[in-house]
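Architecture and fold: a report
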Amino acid sequence: MDSSSLKGLLAEHAELETQLADPAVHADQARARKLGRRYAELTPVVRAVHDLDTVRDDLAAAREMASEDAEFAAEAEELAARIPDLESRLTELLLPRDPYDGSDVVMEIKSGEGGEESALFAGDLLRMYLRYAERHGWKAEVLDSVDSDLGGFKDVTLSIKSKAAAVDGVWSRLKFEGGVHRVQRVPATESQGRIHTSASGVLIYPEPEEVEVEIDPNDLRIDVFRSSGPGGQSVNTTDSAVRITHLPTGIVVSCQNEKSQIQNRARALQVLQARLQAVAEEEAAAKASDARRSQVRTVDRSERVRTYNFPENRISDHRVNYKAYNLDQVLDGDLDGVLDALATADREERLAAQSG
């Protein structure tokens, strides 16, 4: 980044600091949250610039004094050695950020090839993500689910939210999870002890911050029905569950876990907006594919992203050649190893694109 652009960021940070000190700004919580998130994004950049300027000034002073005192010559060498690391740190901080990194997410887990075994594995994935969210102090909520006969899930939709606004939120950690997750194990339905391969699909979207959805009401078909529990048992005597069909795209969203029809409708609309946003961005990316670099993240359900091998207790992520033999811990929510590998690969790719 050239010096004028860097000065622009420093000026923006100072202006944000002034705005956030104004009590009137905080009367609009959505605006204050947006400004606060941008301020938090720029603060590490400002610190890195300050650290680099300080070391450069100290180096110039040490070199000036080196002819008079050998100690200053040694200090100059130490300071000079720090500059490349500080410059690399600043370069990394200035990489273009994913605009949704601070967002909460909507996740869908769908059973695929493998029938009941796939549905049981979808349940395993759901528990894995719920436990991961718990480890990070996030709030996870199942919005809608379709159970299978043996206790798995044919389809489940959940929302995962951080409890406080953050620069690196839920999306920044889970955005790489979209795709086909394959499992290799002896199914509960297998009497001969043979290892089977089945798969479940994961879709993930950044959840829009604004609740109001700009969707033409004429494009929607809204059905209401009674909420049901495991095994199809009715858990509500009123038609509070909501199913919304977006007619132009055929996208169907259901929500039955809120207490009232109004709440379920609002949540379903929010999930629908997230899905429509993801579809629009995917279409835009496809149109501009020749001009865009490849991304680690994908929402393409046809892409096999990970294999969970139970006999070997092995997890493999095929996008970054990650392999570890702690599958039992991963399924208990210890996902940081594989997620760190994906984040590192993404960062290295962005650095290479920047330098190229």
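The chain carries the name Peptide chain release factor 1 in an unreviewed UniProt entry, which gives Amycolatopsis mediterranei as its organism. Per UniProt, the chain has the following entry under Function (unreviewed entry): "Peptide chain release factor 1 directs the termination of translation in response to the peptide chain termination codons UAG and UAA." Taken from UniProt, the Sequence similarities (unreviewed entry) comment for the chain reads in full: "Belongs to the prokaryotic/mitochondrial release factor family."

1. With respect to the overall build of the chain
Helix and strand counts for the chain stand at eight helices and 11 strands. Out of the 356 residues in the chain, the part that is buried amounts to 41%. Taking the intrachain contacts of the chain between residues at least 6 apart in sequence as the baseline, contacts between residues at least 24 apart amount to 62%. Of the roughly 19,300 Å² of accessible surface on the chain, a fraction of 47% belongs to carbon and sulfur atoms.

2. Some words on the side chain of Glu207
Examined against the element boundaries, Glu207 turns out to sit in the loop between strand S5 (196–206) and strand S6 (220–225). Within the local environment of Glu207, its side chain forms a polar contact with the side chain of Lys161, the two groups lying 3.2 Å apart. At 3.4 Å, the side chain of Glu207 and the side chain of Gln270 are in polar contact.

3. Comments concerning the packing of helix H1 (residues 3–20) against helix H2 (residues 29–66)
Between H1 and H2, the least distance of the axes is 9 Å, while the angle of their chain directions is 135°. For the element pair H1 / H2, the angle class is oblique. The hand of the H1/H2 crossing is left-handed. Here H1 contributes Leu6, Leu9, Leu10, Glu12, His13, Leu16, Glu17, Gln19 and Leu20 to the contact with H2, which in turn contributes Arg31, Ala32, Leu35, Gly36, Arg38, Tyr39, Leu42, Thr43, Val45, Val46 and Val49.

4. Concerning the pattern of salt bridges
Evaluated as defined, the whole model comprises 27 salt bridges. The salt bridge partner of Arg97 is Asp168, with a shortest N-O separation of 3.0 Å. Highlighted residues: Arg97 in the loop between helix H3 (70–93) and strand S1 (105–111) and Asp168 in the loop between strand S3 (153–161) and helix H5 (170–174), separated in sequence by 71 residues. Taking the relative accessible area as the measure of exposure, Arg97 reaches 34% and is therefore partly exposed. A salt bridge links Glu177 to Arg306, with the nearest nitrogen and oxygen atoms 2.8 Å apart. Placement of the pair is Glu177 in the loop between H5 and strand S4 (179–185) and Arg306 in strand S9 (residues 304–309), with a sequence separation of 129 residues.

5. Regarding the packing of H2 against H3
One way to put it is that H2 packs onto H3 with a least axis distance of 8 Å and a crossing angle of 160°. Comparing the axis directions of H2 and H3 gives the class roughly antiparallel. Crossing hand, H2 versus H3: left-handed. For the contact of H2 with H3, a count of residues per class yields 20 nonpolar, no polar and six charged.

6. Quick look at the nonpolar core
Of all hydrophobic cores here, the largest spans 34 residues; its most connected members are Ile109 and Leu174. With sequence-adjacent residues up to four places away left out, Leu174 is seen in contact with Met107, Tyr132, Trp138, Ile160, Ile204 and Leu339. Counting 20 residues, the second-largest nonpolar core is a separate cluster that includes Ala32, Leu59, Ala62 and Leu79.

7. A word on the pairing of S3
Inspection of the sheet shows S1 paired to S3 by six bridges, in the antiparallel sense. In the strand pairing of S3, Met107 is matched with Leu158. Pairing between strand S2 (residues 139–147) and S3: eight bridges, direction antiparallel. Residue pairing in the sheet places Val146 in a bridge with Asp155 of S3. Adjacent in sequence and paired antiparallel, S2 and S3 are bridged by five residues, among which Gly151 carries a positive phi angle near 100°.

Reading the values: rules and limits
- Residues numbered from 1 in each chain as written.
- Predicted model: local features only at pLDDT ≥ 70, side-chain atom pairs only at ≥ 80, totals over all residues.
- Heavy atoms only, no water.
- UniProt positions renumbered as here; feature names shortened; annotations may be inferred.
- Helix = DSSP H or I, 4+ residues; strand = E, 2+ residues; numbered from the N terminus.
- Buried < 20%, exposed > 50% of the residue type's maximum accessible area, 1.4 Å probe, protein only.
- Contact = heavy atoms within 4.5 Å.
- Areas by Shrake-Rupley, 256 points an atom, 1.4 Å probe, with all protein chains shown as cover.
- Polar contact = N/O pair within 3.5 Å; in protein donor to acceptor, adjacent residues only side chain to side chain.
- Axes fitted to C-alpha atoms, helices over the stretch in contact; angles between N-to-C directions.
- Parallel < 35°, antiparallel > 145°, perpendicular 65-115°, else oblique.
- Left-handed = near helix turned anticlockwise from the far one by under 90°.
- Salt bridge = Lys/Arg side-chain N within 4 Å of Asp/Glu carboxyl O.
- Nonpolar A, V, L, I, M, F, W, Y, C, P; charged D, E, K, R; others polar.
- Core = buried A, V, L, I, M, F, W, Y, C linked by side-chain atoms within 4.5 Å.
- Pairing = 2+ DSSP bridges.

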